[in-house]
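One-letter residues, chain by chain:
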Amino acid sequence: MTVAATKLRVEDKLFQNRYLVDPGRPHITVRPHEHPSANLRALTRICPAKCYELNDKGQVEIAADGCMECGTCRVLCEASGEVVWNYPRGGFGVLFKFG
Amino acid sequence: MSEEKFDAIVIGAGMAGNAAAYTMASRGLKVLQLERGEYPGSKNVQGAIMYANMLEKIIPDFRDDAPLERHLVEQRFWMMDDTSHVGIQYRSDDFNESRPERYTIIRAQFDRWFSRKVRAAGATVLCETTATELAHEGGKVIGVRTDRTGDIILADTVVLAEGANGLLGTRAGLRQTPTPESVALAVKEIHFLPEDVIDQRFGLHGNEGCVIEAAGTISRGMAGLAFLYTNKESISLGIGCLVSDFAATCESPYELLEAFKNHPSIKHLIAGTEVKEYAAHLIPEGGYKAIPALFGDGWVVVGDAAQLNNAVHREGSNLAMTSGRIAGEAIFDVKSRGGRMTKKNLALYKTMLDESFVIKDLKKYKDMPALLHTNSRNFFMTYPKLMSEASKNFMRVDGTPKIENERATTAAFIKARSRLGLVSDAVRLAFAWR
């Protein structure tokens with residue numbers, strides 16, 4: 001609909017949120033892979049924080065700083081081993097003011 | 001800490017965890033509650049509507065000081081297509097009672113209040129502490145490890161109130177990780193507006209509140225639901241669809257949310273707002289058939305972690321609170337009889353839960369998740385469009401004889417779903433509902 005036209009930037013949404021990032025300790029990582037599975041690829045579209053992106057080589061990378069810890073990627077890709085999922089250390093990560 | 005042994009450790013300070021911790025601590029049990037957020041509520045996301053009856057059973061005088069936004073006097077259900085909605089609306093002044101039965105709340109504030117009650121009841125609440133592992137001995141859960149120390153914190157029972165995306169119980173093999181078909185991903189924003197503007201737009205006075213819940217082409221053929229809830233001086237709105245449907249369609253959740261906000265039926269209601277937060281969360285949608293084993297040697301599981309959510313009626317936090325309370329009562333009961341926290345003794349929790357509305361309601365709708373999942377295009381695309389078309393045919397006055405409009409409506413339904421399809425959908429829906 002009108003969305004594509006307005007070039008929605010999810011970064012602008014995440015900017016509203018408070019995060020306490022744990023430097024150098026991402027709580028989610030993507031295992032090295034040649035070709036991402038359909039589910040892993042889907043995350044580049046369906047992660048609500050747009051943490052997942054496709055690199056030049058067609059592999060999926062994650063930058064977990066904006067993660068809202070919903071668990072969608074865990075539910076889709078933990079069993080296959082493509083995504084290694086943990087919660088941030090206590091106190092770190094997203095901090096909802098309203099929730 | 002490791003020398004100390006608790007009667008119970010509660011994992012999580014959401015609705016279920018707080019209810020369980022409060023119930024046990026107020027009865028004199030030695031309770032430790034672990035919360036990974038900076039403060040209770042800082043990791044929690046809900047629509048959010050809170051049902052009074054279930055909280056009253058835990059804290060009868062909660063209205064004296066709980067942070068409540070508005071009590072609801074009006075509910076609208078909308079079936080939406082791209083430019084219209086067909087709605088059912090119920091508003092009653094009877095809901096302006098001295099002890100209203102439901103309120104909108106803001107979870108980060110509400111959970112902080114609930115947690116103060118838990119502390120006041122005598123529980124030890126440790127925030128900024130992520131429980132990382134359940135400790136076992138001879139097949140029995142004996143405590144937890146956290147990211148604070150490597151030591152085991154010992155307890156007779158662990159209450160897993162760790163939410164839909166809980167890691168402890170699933171990694172210990174006590175229950176399955178949620179499947180993409182059994183959880184919805186919901187995204188939500190909170191929009192601020194002056195109180196009087198909200199009152200005017202929704203026709204409200206004082207603390208009255210209004211709720212809109214909407215389904216239709218807004219979820220683009222996926223099984224999903226959107227919502228708009230009025231708070232005192234803000235509006236919570238969001239949309240959620242099954243994770244399996246998101247994965248299949250590769251629709252982006254925030255694009256769906258933007259489209260919902262830009263829908264002509266919604267846009268004017270949130271015009272001029274200031275957005276202050278964007279959140280995402282998983283919601284258990286598997287219903288009765290997805291409920292895991294609820295208890296074992298040294299542990300029970302409550303709330304979203306146990307998939308206790310009534311998706312049809314959009315009730316979750318009240319099932320969470322009730323299951324937490326009942327788990328707390330069952331543990332206290334076993335303890336006060338001098339019993340050990342064995343699987344056999346903790347079966348009392350399930351017996352009590354089975355007798356409550358929680359399991360009775362979920363059982364009633366046990367076939368609904370499968371029906372909506374397999375029929376999502378019909379229920380969320382075809383029928384909303386047909387309803388809109390039918391309403392338009394009924395409303396338009398353009399010189400077309402009414403009988404022709406009626407025939408056009410009937411023909412559209414038959415063309416879209418066939419006579420047999422219509423009957424079959426109706427029968428299947430009726431069976432899943434009964």
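Keep in mind it's a predicted model, so treat the numbers as computed, not measured.

**Concerning the overall build of chain A**
Check the secondary structure of chain A and you find 4 helices and 6 strands. Beginning at the N terminus, the succession of helices and strands in chain A can be written as α-α-β-β-α-β-β-α-β-β. In terms of overall dimensions, chain A is globule-like: its C-alpha atoms have a radius of gyration of 14 Å, near the 13 Å expected for 99 residues. Residue pairs at least 24 apart in sequence account for 64% of intrachain contacts in chain A once pairs closer than 6 positions are excluded. Of note, chain A has its 13 positive side-chain charges centred 5 Å away from the centre of its 11 negative side-chain charges.

**A few points about the interface of chain A and chain B**
Taken together, the contact pairs 41 residues of chain A with 55 residues of chain B. Across the chain A/chain B interface, buried area totals approximately 4100 Å², and carbon plus sulfur atoms make up 56% of it. Counting the contacts that link chain A with chain B gives 7 salt bridges. Two residues, arginine 45 of chain A and glutamate 255 of chain B, come together in a salt bridge whose shortest N-O distance is 3.3 Å.

**Quick word on the confidence of the model for chain A**
Residue and element names in this part refer to chain A. With 93% of its residues at a pLDDT of at least 70, chain A reaches an overall mean of 92. Mean pLDDT per element in chain A: helix H1 (residues 2–6) is the minimum at 48, and helix H4 (residues 72–77) is the maximum at 98. With pLDDT under 50 throughout, residues 1–5 is counted as low confidence; its partners more than four residues away or in other chains account for 6 contacts.

**A closer look at the packing of aromatic side chains**
Residues and elements named next belong to chain B. Evaluated as defined, the whole model comprises 10 aromatic pairs over all chains. Centroid distance phenylalanine 110 to tryptophan 113: 5.3 Å. Interplanar angle 45°. Geometry classified as tilted. One end of the pair is phenylalanine 110 and the other is tryptophan 113, both in helix H3 (residues 107–120) and 3 residues apart, which spans about a single turn. With respect to burial, phenylalanine 110 and tryptophan 113 carry one shared label: buried. An aromatic cluster is defined as three or more aromatic residues linked by ring pairs; in this entry it consists of Phe110, Trp113 and Phe114. Sitting over the ring of phenylalanine 6, lysine 30 keeps its end group 5.3 Å from the ring centre. Its guanidinium or amino end placed over the ring of phenylalanine 192, lysine 276 lies 4.6 Å from that ring's centre, counting from NZ or CZ.

**Some points on helix H10 (residues 357–364) of chain B**
Taken together, the buried positions of H10 of chain B are Val358, Ile359 and Leu362 of chain B. For H10 of chain B, the arc enclosing every buried residue in end-on projection is 85°, short of the 170-degree limit, so these residues lie on one face.

**Quick look at the nonpolar core**
One broad trend across soluble globular proteins is that nonpolar side chains are buried collectively. Formed by 80 residues in total, the largest nonpolar core has its most connected members in Met50, Phe62, Phe110, Phe114, Leu308 and Tyr349 of chain B. Excluding residues within four positions of it along the chain, phenylalanine 114 of chain B makes contact with Met15, Asn18, Ala19, Tyr22, Leu55, Ile58, Ile59 and Met321 of chain B.

**With respect to helix H9 (residues 343–354) of chain B**
Residues and elements named next belong to chain B. Here H9 contains 12 residues, and its C-alpha end-to-end distance of 16 Å stays within 8% of the 16 Å for a straight helix at 1.5 Å per residue. By the burial criterion, the buried members of H9 are Leu346, Tyr349 and Leu353. Seen from one end, H9 has its buried residues packed into an arc of 30°, which puts them on one side. Those residues of H9 that are buried lie in contact with strand E10 (152–160), strand E16 (295–296), strand E17 (299–301), helix H8 (317–336) and H10.

**A look at the pairing of E10 of chain B**
Residue and element names in this part refer to chain B. Summarising burial for E10: 7 of the 9 residues are buried, a large majority. For strand E1 (residues 5–11) and E10, the ladder comprises 6 bridges, and the chain directions are parallel. In the strand pairing of E10, valine 10 is matched with valine 159. Note: strand E9 (residues 140–146) against E10, 3 bridges, orientation antiparallel. Across the sheet, arginine 145 pairs through a bridge with isoleucine 152, a residue of E10. As consecutive antiparallel partners, E9 and E10 are separated by 5 residues. With 3 bridges connecting them, E10 and E17 associate as parallel partners. The residue of E17 that forms the bridge with leucine 160 is valine 301.

**Considering the side chain of glutamine 307 of chain B**
Residues and elements named next belong to chain B. Note that glutamine 307 resides in the loop between E17 and H8. A polar contact is formed between the side chain of glutamine 307 and the backbone nitrogen of glycine 286, at a distance of 3.4 Å. Discounting chain neighbours no more than four positions away, the residues touching glutamine 307 are Pro178, Ser182, Val183, Pro284, Glu285, Gly286, Gly287, Ala290, Ile291 and Leu362.

**Considering the UniProt feature "domain: FixC-like C-terminal" (unreviewed entry) in chain B**
According to UniProt, the feature "domain: FixC-like C-terminal" (unreviewed entry) maps to residues 368–434 of chain B in the numbering used here. Taken end to end, residues 368–434 of chain B is 87% helix and 0% strand, and its first and last C-alpha atoms sit 10 Å apart.

**As for a nonpolar patch on the surface**
Taken together, the side chains of Val423, Val427 and Phe431 of chain B make up a nonpolar region of the molecular surface, amounting to roughly 280 Å² of accessible area. Note that valine 423 of chain B resides in helix H14 (residues 419–433).

Rules behind the numbers
- Residues numbered from 1 in each chain as written.
- Chains lettered and ligands numbered in written order.
- Predicted model: local features only at pLDDT ≥ 70, side-chain atom pairs only at ≥ 80, totals over all residues.
- Heavy atoms only, no water.
- Helix = DSSP H or I, 4+ residues; strand = E, 2+ residues; numbered from the N terminus.
- Rg over C-alpha atoms; globule rule 2.2 N^0.38 Å.
- Contact = heavy atoms within 4.5 Å.
- Lys, Arg positive; Asp, Glu negative; His and termini not counted.
- Charge placed at Lys NZ, Arg CZ, Asp CG, Glu CD.
- Buried area = accessible area lost by both parts, 1.4 Å probe.
- Salt bridge = Lys/Arg side-chain N within 4 Å of Asp/Glu carboxyl O.
- pLDDT = per-residue confidence, 0-100.
- Phe/Tyr/Trp six-rings, centres within 6.5 Å; stacked < 30°, edge-to-face > 60°.
- Buried < 20%, exposed > 50% of the residue type's maximum accessible area, 1.4 Å probe, protein only.
- Lys NZ or Arg CZ within 6 Å of the ring centre and 35° of its normal.
- Arc of directions from axis to C-beta.
- Core = buried A, V, L, I, M, F, W, Y, C linked by side-chain atoms within 4.5 Å.
- Expected span 1.5 Å × (residues − 1).
- Pairing = 2+ DSSP bridges.
- Polar contact = N/O pair within 3.5 Å; in protein donor to acceptor, adjacent residues only side chain to side chain.
- UniProt positions renumbered as here; feature names shortened; annotations may be inferred.
- Patch = residues over 30% accessible without salt bridge, like charges linked within 9 Å, V, L, I, M, F, W, Y side chains within 5 Å.
- Areas by Shrake-Rupley, 256 points an atom, 1.4 Å probe, with all protein chains shown as cover.

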